[in-house]
Amino acid sequence: MSNVLSNEKRGMRELGAEKKVGWNEVTHGVVLHSFEDDAADIALRKAEDRKYSEFSSYTATVASWRVIKPVYNRDICIDCQNCWVWCPDSSIISRDKQILGIDYDHCKGCGVCVEVCPTNPKSLLMFGEALSSDDAIAQWPVKEKKEK
Ligand code: SF4
Ligand code: SF4
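Position numbers for residues start from 1 in each chain and track the written sequence from start to end. To read the labels, note that chains go from A and ligands from 1, taken in the order they are written. pLDDT decides what is reported in this predicted model: residues at 70 or higher carry local features, side-chain atom pairs at 80 or more are listed and counted, and totals for whole chains, interfaces and linings draw on all residues regardless.

### Focus: the overall build of the protein chain
Note on conventions: DSSP H or I runs of at least 4 residues are helices, E runs of at least 2 residues are strands, and numbering of each starts at the N terminus. A count of helical and extended segments in the protein chain gives four helices and four strands. Walking the protein chain from its N terminus toward its C terminus, one meets helices and strands in the order α-β-α-β-β-α-β-α. Based on C-alpha atoms, the radius of gyration is set beside the globule rule, defined as 2.2 Å times the residue count to the power 0.38. Taken over C-alpha atoms, the radius of gyration comes to 18 Å for the protein chain, far larger than the 15 Å a tight globule of 148 residues would show. If one aligns the C-alpha atoms of the protein chain with their principal axes, the spans along those axes are about 65 × 35 × 25 Å. Three exposure classes are used, all based on how many other C-beta atoms lie within 10 Å of a residue's own C-beta (placed from the backbone): buried at 20 or more, exposed at 12 or fewer, and partly exposed between those limits. Classification of the 148 residues of the protein chain by burial places 15% in the buried group.

Rendered as structure tokens:
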């Protein structure tokens, strides 16, 4: 899968570098800002309305890291927002406290969202990358009964 969001010169402007440098060549003490403009109200702006800098992970997809992917099942979800809070890549899409699904451009397939989902069965489960979401939903487990 190609890296659709990043480019060859990513981050060079911020560093004042003439060529692309590795993480271990960045001058100590350099501050890498995630946003181009004032970030004071950033939590109130939708991800697609934020002006991300070239150093933000949002400007580069990590989707190619994934070998397994989370699939979301709307029928079981209680919109508790746990997955949204814990996802390290802000890849759970939530609007007005309702989960809409996964941002597969930025999800790296770590499975944290599945771990923190409290429903029974879980509303997010990991499946092979090649499996379609419809096929994943078709094989969703049923509710586990509590032992008496
Ligand atoms: S698998 Fe990891 S990166 Fe992907 S949505 Fe879940 S917590 Fe986020
Ligand atoms: S953690 Fe599970 S139940 Fe809670 S919002 Fe996410 S998918 Fe829905």
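### Some points on the site of ligand 2
Nearness between a residue and a molecule or strand is assessed with a C-beta atom placed from the backbone; a distance within 6 Å qualifies. In the region of ligand 2, 13 residues are neighbours, and Cys77, Cys80, Asn82, Cys83 and Cys117 sit closest. Put simply, Ala, Val, Leu, Ile, Met, Phe, Trp, Tyr, Cys and Pro go in the nonpolar bin, Asp, Glu, Lys and Arg in the charged bin, and everything else, Gly too, in the polar bin. When grouped by side-chain class, the residues that make up the shell around ligand 2 number eight nonpolar, four polar and one charged.

### Points about the domain arrangement of the protein chain
When cut into domains, the protein chain gives domain 1 (1-60) and domain 2 (63-139). For the domains described, the bounds stem from an automatic or database domain assignment. Using C-alpha coordinates to define each centre, domain 1 is positioned 25 Å away from domain 2.

### Considering the nonpolar core
To count as a nonpolar core, a set of buried Ala, Val, Leu, Ile, Met, Phe, Trp, Tyr and Cys residues must be joined through C-beta atoms within 7 Å. Tyr72, Cys83, Ile92, Cys113 and Leu124 are the most contacted members of the largest nonpolar core, which totals 13 residues. When residues of this core are traced back to their parent elements, those giving at least two are β1 (68-72), β3 (98-102) and β4 (124-128). A pair of residues counts as a contact when their C-beta atoms, built from backbone coordinates, are within 7 Å of each other. Apart from residues no more than four positions distant in its own chain, Cys113 is found in contact with Pro70, Cys83, Trp86, Cys87, Ile92 and Leu124.

### Some details on unusual backbone geometry
Cis geometry is found at the peptide bond from Asn120 to Pro121, where omega equals -5°. Along the polypeptide, Pro121 turns up in the loop between α3 (112-116) and β4. In this structure, Asp79 is a non-glycine residue whose phi angle is positive, near 55°. Summarising the element assignment, Asp79 is placed in the loop between β1 and α2 (82-86). With a phi angle near 45°, Ser90 is a residue other than glycine that sits in the positive phi range.

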